[in-house]
Amino acid sequence: MISPAVRLRPARPDDAEPVAQLHARSWRLHYRGAYSDAYLDGDVVADRLAVWSARLAEAGPGAETFVAEDDGGLVGFVHVVFDHDERWGSLVDNLHVAQERRRGGVGALLLTRAAEAVAERAAGRGLYLWVQEQNTAARGFYRAMGGAQVETVAIAPPGGVPEWLNGSPRKLQMAWEDVKSCEARVS
Ligand SMILES: CC(C)(COP(=O)(O)OP(=O)(O)OC[C@H]1O[C@@H](n2cnc3c(N)ncnc32)[C@H](O)[C@@H]1OP(=O)(O)O)[C@@H](O)C(=O)NCCC(=O)NCCS
């Protein structure tokens, strides 16, 4: 189902604050278990704000961020890096939808927009991303979008601090050989 009244547009530098807030909220909800509580309950907002302020201030032709918004403000975002890997192509680095708007088609809209941007602007046709093994909801979403699981590797500790990981969590690589096949499947 497509959510009503959701608009997509490229992100601007002044989106850094709301994007960082949504990103941190989403990590705290969905990365708990893999990342330690000490890390997630710490300075995650400041960390994300530094990342997004730099990214959106230095936006260039090599990457794009799209935001989804409704009349109440930001409801999701996606960031894609064009031609990131020789074998796998462009990288979807972040895709997050506000908790209250999940399962309303916003994620599919954002990922489809990122795939369109790859088709328009990247040299290669491939698209890939990493998803935490424990994140079964997102894995279901990527499967529904036609992604294939191609690799499983250990997650690196955030900030390079081993104590900020719980155990030895893993992440899965999902890939589309051709971005044209990245679209919502009718279930
Ligand atoms: C993963 C995420 C981006 C999906 O966005 P969304 O807007 O909720 O997903 P959509 O409504 O567009 O779903 C499209 C299809 O994907 C599948 N899907 C979505 N969520 C699913 C879930 N929890 N379990 C199984 N399949 C799911 C369904 O087939 C769905 O179609 P349907 O609702 O008509 O059945 C969103 O849930 C999210 O932000 N999660 C938290 C952050 C996160 O994990 N990001 C990914 C990091 S790698």
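The structure this text deals with has already been given above.
Residues numbered from 1 in each chain as written. Predicted model: local features only at pLDDT ≥ 70, side-chain atom pairs only at ≥ 80, totals over all residues. Heavy atoms only, no water.

(A) Representation of the site of the ligand in the model. Leu95, Val97, Gly105, Gly107 and Asn135 are the nearest of the 23 residues found near the ligand. Contact distances for the ligand include 2.7 Å between a nitrogen atom and a backbone N or O atom of Leu95. In this structure, an oxygen atom belonging to the ligand sits 2.7 Å away from a side-chain N or O atom of Asn135. When the free accessible area of the ligand is taken as 920 Å², the share hidden by the protein chains comes to 81%. Elements supplying a minimum of two residues to the shell around the ligand: helix H1 (16-30), strand E4 (89-97), helix H4 (106-121), strand E5 (127-132) and helix H5 (136-144). For the shell around the ligand, the leading source of residues is H5, giving 6 residues. For the shell around the ligand, a count of residues per class yields 13 nonpolar, 8 polar and 2 charged. (Near = heavy atom within 4 Å. Polar contact = N/O pair within 3.5 Å; in protein donor to acceptor, adjacent residues only side chain to side chain. Areas by Shrake-Rupley, 256 points an atom, 1.4 Å probe, with all protein chains shown as cover. Helix = DSSP H or I, 4+ residues; strand = E, 2+ residues; numbered from the N terminus. Nonpolar A, V, L, I, M, F, W, Y, C, P; charged D, E, K, R; others polar.)

(B) The arrangement of the sheet that holds strand E1 (residues 7-10) in detail. Read from one edge of the open sheet, 7 strands run E1-E2-E3-E4-E5-E7-E6, paired in mixed fashion. A strand with exactly one partner marks an edge of an open sheet, and here the two such strands are E1 and strand E6 (148-154). The mean inter-strand angle of the sheet, taken between neighbouring strand axes irrespective of direction, is 25°. Looking at chain direction, E1 and strand E2 (residues 63-70) are connected through 4 bridges and run antiparallel. (Pairing = 2+ DSSP bridges. Axes fitted to C-alpha atoms, helices over the stretch in contact; angles between N-to-C directions.)

(C) Region of the structure containing unusual backbone geometry. Phi at Asp83 is positive, roughly 50°, even though this residue is not glycine. Here Asp83 is to be found in strand E3 (residues 73-85). Overall, the relative accessible area of 35% leaves Asp83 in the partly exposed class. For Arg103, which is not a glycine, the phi torsion comes out positive at approximately 65°. You can call Arg103 exposed: its relative accessible area is 84%. (Buried < 20%, exposed > 50% of the residue type's maximum accessible area, 1.4 Å probe, protein only.)

(D) Summary view of the packing of aromatic side chains. Inspection of the entire model under this criterion finds 9 aromatic pairs. Between Tyr35 and Tyr39, the ring centres sit 5.5 Å apart and the planes meet at 85°, which makes this aromatic pair edge-to-face. Over the aromatic face of Trp130 sits the side chain of Lys171, whose NZ or CZ is 4.8 Å from the ring centroid. (Phe/Tyr/Trp six-rings, centres within 6.5 Å; stacked < 30°, edge-to-face > 60°. Lys NZ or Arg CZ within 6 Å of the ring centre and 35° of its normal.)

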